[in-house]
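Here are the chains, one letter per residue:
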Amino acid sequence: MIARGARPEAYTVSAVNAMAKELLETGLPPLWVQGEVTGWKRHTSGHCYFGLRDRSAQIRAVLFRSDAQRLPADPEQGMEVRVLGRLTLYEARGEYQFVARELEGLGAGGLWRIAFEKLYRKLDAEGLLAPERKRPLPRHPSVVAVVTSPVGAALQDILRVISVRAPWTRVLLSPAKVQGDGAPSDLARAIRLAGRTGLADVIIVGRGGGSIEDLWAFNDEVIARAIADSPVPIISAVGHEIDTTIADLVADFRAPTPSAAAERAVPDRAEMSRELSTARDRLVAGLDRWVRTRSLHLEVAGGRLNRVIERTTRRRKERLAQYAGKLDALSPLGALRRGFAVPLDGDGRILRSTDEFKPGDAFDLRVADGSVPCRVEETQYSRGPDG
Amino acid sequence: VTEEQVTLEQRMKRLDAILAKLENDGIELDDALALFEEGVSHIREAERMLSDAELRIERLIAGPRGSFEIEPVADDTD
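The structure presented is a predicted model; accordingly, all values stated were derived computationally and were not measured.

(A) Spatial organisation of the packing of helix α5 (residues 183-196) of chain A against helix α6 (residues 221-229) of chain A. Residues and elements named next belong to chain A. Where α5 meets α6, the axes come as close as 8 Å, and the angle between the chain directions of the two elements is 10°. Between α5 and α6, the angle falls in the class roughly parallel. Contacts between α5 and α6 involve Pro184, Ser185, Leu187, Ala188, Ile191 and Arg192 from the former and Val222, Ile223, Arg225, Ala226, Ile227 and Asp229 from the latter. Residue composition of the contact of α5 with α6, by class: 8 nonpolar, 1 polar and 3 charged.

(B) Representation of the nonpolar core. Counting residues in hydrophobic clusters, the biggest one holds 61 residues, and the most contacted among them are Phe50, Val147, Ile203 and Phe218 of chain A. Ignoring any residue separated from it by four or fewer positions in sequence, one finds Val147 of chain A in contact with Ser174, Ala176, Leu187, Ala190, Ile191, Ala194, Ile203, Ile204, Val205 and Gly206 of chain A. Met272 and Ala279 of chain A together with Phe36 and Ile57 of chain B belong to the second largest nonpolar core, which has 50 residues in total.

(C) Structural context of the interface of chain B and chain A. Taken together, the contact between chain B and chain A spans 45 residues of the former and 58 residues of the latter. Across the chain B to chain A interface the summed buried area is about 4600 Å²; carbon plus sulfur atoms make up 64%. Contact with chain A buries surface across chain B, with Phe36, Leu50 and Leu60 of chain B losing the most and accounting together for 16% of the total. For the interface between chain B and chain A, the tally reads 3 salt bridges. Ionic pairing is found between Arg280 of chain A and Glu47 of chain B, a salt bridge with its closest N-O pair at 3.1 Å. One can count 13 residue pairs in polar contact (both at pLDDT 80 or more) joining chain B with chain A. Where the side of chain B that touches chain A is concerned, the elements lending two or more residues are α1 (8-22), α2 (29-51), β1 (56-62) and β2 (68-72) of chain B. Ranked by residues supplied to the side of chain B that touches chain A, first place goes to α2 of chain B with 15 residues. The residue makeup of the side of chain B that touches chain A, split by class, is 25 nonpolar, 6 polar and 14 charged. One ladder, built from 4 bridges, connects strand β7 (residues 170-175) of chain A with β1 of chain B; its direction is parallel.

(D) Looking closely at the sheet that holds strand β3 (residues 58-63) of chain A. Residues and elements named next belong to chain A. Strand order in the closed barrel formed by 5 strands is β1-β2-β3-β5-β4, with mixed pairing between adjacent strands. Adjacent strand axes in the sheet meet at a mean angle of 50°, parallel and antiparallel pairs treated alike. Pairing of strand β1 (residues 31-42) with strand β2 (residues 48-53) involves 5 bridges; the strand directions are antiparallel. Bridge pairing in β2 links Lys41 to Tyr49. Together, β4 (80-90) and β5 (95-105) form the strand contacts of helix α1 (residues 13-27), whose direction differs from that of β4 by roughly 140°.

(E) Structural detail: the confidence of the model for chain A. Residues and elements named next belong to chain A. Across chain A, pLDDT averages 84, with 83% of residues at or above 70. Every residue in residues 298-305 scores below 50 in pLDDT, and together they form 22 contacts with partners more than four places removed in sequence or on other chains. Across residues 323-331 the pLDDT falls below 50, and counting only partners more than four positions away or on other chains, this stretch makes 18 contacts in the model.

(F) Region of interest: the packing of aromatic side chains. All names here are of chain A. Summed over all chains, the structure comprises 3 aromatic pairs over all chains. On the numbers, 4.8 Å between centres and 35° between planes, the contact of Trp40 with Phe50 is tilted. Note that Trp40 is positioned in strand β1 and Phe50 in strand β2, a separation of 10 residues in sequence. Comparing Trp40 with Phe50, the two get one shared label, buried. Ring geometry for Phe116 versus Tyr120: centroids 6.3 Å apart, planes at 20°, classification stacked. Pair noted here: Phe116 and Tyr120 are both in helix α3 (residues 110-125), with a separation of 4 residues, about one helical turn. For Tyr120, a relative accessible area of 33% puts it in the partly exposed group. Over the aromatic face of Trp32 sits the side chain of Arg82, whose NZ or CZ is 4.4 Å from the ring centroid. In this arrangement the basic side chain of Arg264 is found over the ring face of Phe253, its NZ or CZ atom lying 5.0 Å from the centre.

(G) Quick peek at the packing of α3 of chain A against α6 of chain A. All names here are of chain A. With their axes 11 Å apart at the nearest point, α3 and α6 run at an angle of 30° to one another. Judged by the inter-axis angle, α3 sits roughly parallel to α6. By crossing handedness, the relation of α3 to α6 is classed as right-handed. Residues Leu119, Lys122 and Leu123 of α3 touch α6, and the partners they reach there are Glu221, Ala224 and Arg225. By residue class, the composition of the contact of α3 with α6 is 3 nonpolar, no polar and 3 charged.

Definitions and cut-offs
- Residues numbered from 1 in each chain as written.
- Chains lettered and ligands numbered in written order.
- Predicted model: local features only at pLDDT ≥ 70, side-chain atom pairs only at ≥ 80, totals over all residues.
- Heavy atoms only, no water.
- Axes fitted to C-alpha atoms, helices over the stretch in contact; angles between N-to-C directions.
- Helix = DSSP H or I, 4+ residues; strand = E, 2+ residues; numbered from the N terminus.
- Parallel < 35°, antiparallel > 145°, perpendicular 65-115°, else oblique.
- Contact = heavy atoms within 4.5 Å.
- Nonpolar A, V, L, I, M, F, W, Y, C, P; charged D, E, K, R; others polar.
- Core = buried A, V, L, I, M, F, W, Y, C linked by side-chain atoms within 4.5 Å.
- Buried < 20%, exposed > 50% of the residue type's maximum accessible area, 1.4 Å probe, protein only.
- Buried area = accessible area lost by both parts, 1.4 Å probe.
- Salt bridge = Lys/Arg side-chain N within 4 Å of Asp/Glu carboxyl O.
- Polar contact = N/O pair within 3.5 Å; in protein donor to acceptor, adjacent residues only side chain to side chain.
- Pairing = 2+ DSSP bridges.
- pLDDT = per-residue confidence, 0-100.
- Phe/Tyr/Trp six-rings, centres within 6.5 Å; stacked < 30°, edge-to-face > 60°.
- Lys NZ or Arg CZ within 6 Å of the ring centre and 35° of its normal.
- Left-handed = near helix turned anticlockwise from the far one by under 90°.

Spelled out as C-alpha cells, the structure:
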C-alpha cells in the first residue's frame, strides 16, 4: 500500500466488503453446520431466511428458492437441523451469512415427519382417510392399470405376478416419474390418465422400496387428491412394509409391495379353475335336485313309470357331469337326449301336477327319440316344493 | 352385450345369479334348462379365457385435450 503524505489511502466500504467476501468464500470449503433453527421466514419470493444457533452463538442463513422448493416442509422453531452450504458476505449490509443448499431435520423423520403429519391432519379432516371411503376391489378384473416407472423393478414384479396368476389380464401401463423433481405431479397425472381411459377395472400405483426421500412423491398432496378422485379402485404399493405413505392411506387397498399388489389385484388361475369347477358341480346338482323334486309329481304310473324316471335320473347325472364342459346346444331337446322325459297330454300340453293325471287317462311320455304312450294307473300326491 | 364384450367379472357374477336361481325352487323346466345351459356356457367361456394365456401389456400415452392413445409393449418378464 502506497502512502501519500501522512495519510494512508482509505478503502471504500464496498472494497472492504468485497475483500471480506473473497476471504470467506475461498477460505472455507462447503460445510455442514448443525444447530437450532430460529426465526424461519419464507419470503414471498420463495427464498427462506433463518438463523442457526447454539447456546452461545448465531449465524444468519438463507436457503434460496430453488433449494427451498425441495424441502418437504418448513422446519419448526427450535428444530435441530443440519445444513450444507458455504459462508458468504451480504455486501449490502456487511453481514456474513451462510448460504444453505440443503437442510435436513434431525430427530425422528425430520422434516418429512412434519410434512406427513400436516398433510395427514388436513386429509383426515376432509374425510379422505375414512375407512368407509374404501371401495371394494373387483374380484376378476379384465384390465389392470399400473402407474409406476416404466423402467423400475416394481413394474417387472407386477407383470411377473400377473402373468403367472392371471395371464388373460390386459395390463395398461401408465408410466410416471416416481422420484425426484416433478414426480408428485407426474404420478398424479398418470393416475388421472389411467382413470380417464374408462378401461381399467383397478389401478395399481407404486414403486419399489427406497429412502424416505425416494418415497416422498407418494406423500404429496397432489397424489393424494388424484387417488381420492379416481373413478376406479386403487391399490397402493409403495416401497416395503415399514413405509406408510399418504398414498397408502388414501388408496382403497394398501399392499406392502408391488408383488403383493399384483397378487391382490388378480385372482389365481388355479383358484379360478377350482371356482369354475365348483360352479359346474353346483349347476349339475341344482338341475339334479330340480329333477328329483319334480319327479315326485310324475309318480303317476306306479312303479313302472317311476322306475323309468329313476333310471333316467341316475343316468342323467352321470351324463351331465360328463357333458357339462362341452355342451354346445343344451336345448330342451338336448335335455331329452340326456334322459329327461316330459309327459304331454293329447293337446301337447306339459303335464306338471298329479291333478292333471286322472286314472285311466292316456298321455305321451316324450323322450329323445320319440314318445311312449302311457296310461295313468293311479296318482300319488306328494307335497312338492311348489305346493 | 355381445359375447366378446362380456367381462370375466360380469360372467362370474351372472354365474352366481344363475346358481342362486337354479338352487331356488320355484322355477319351471324350460327356465331350469335355460339357466343350466347359460351357466355351462359361462363356465366354458371362462375356462377358455383361463387357458388363453397371453398377457397383453400396453402403454398409455396422453394426447392433447384429455385424449389418449394405447400402444403395445413387448413383455420382457421372461
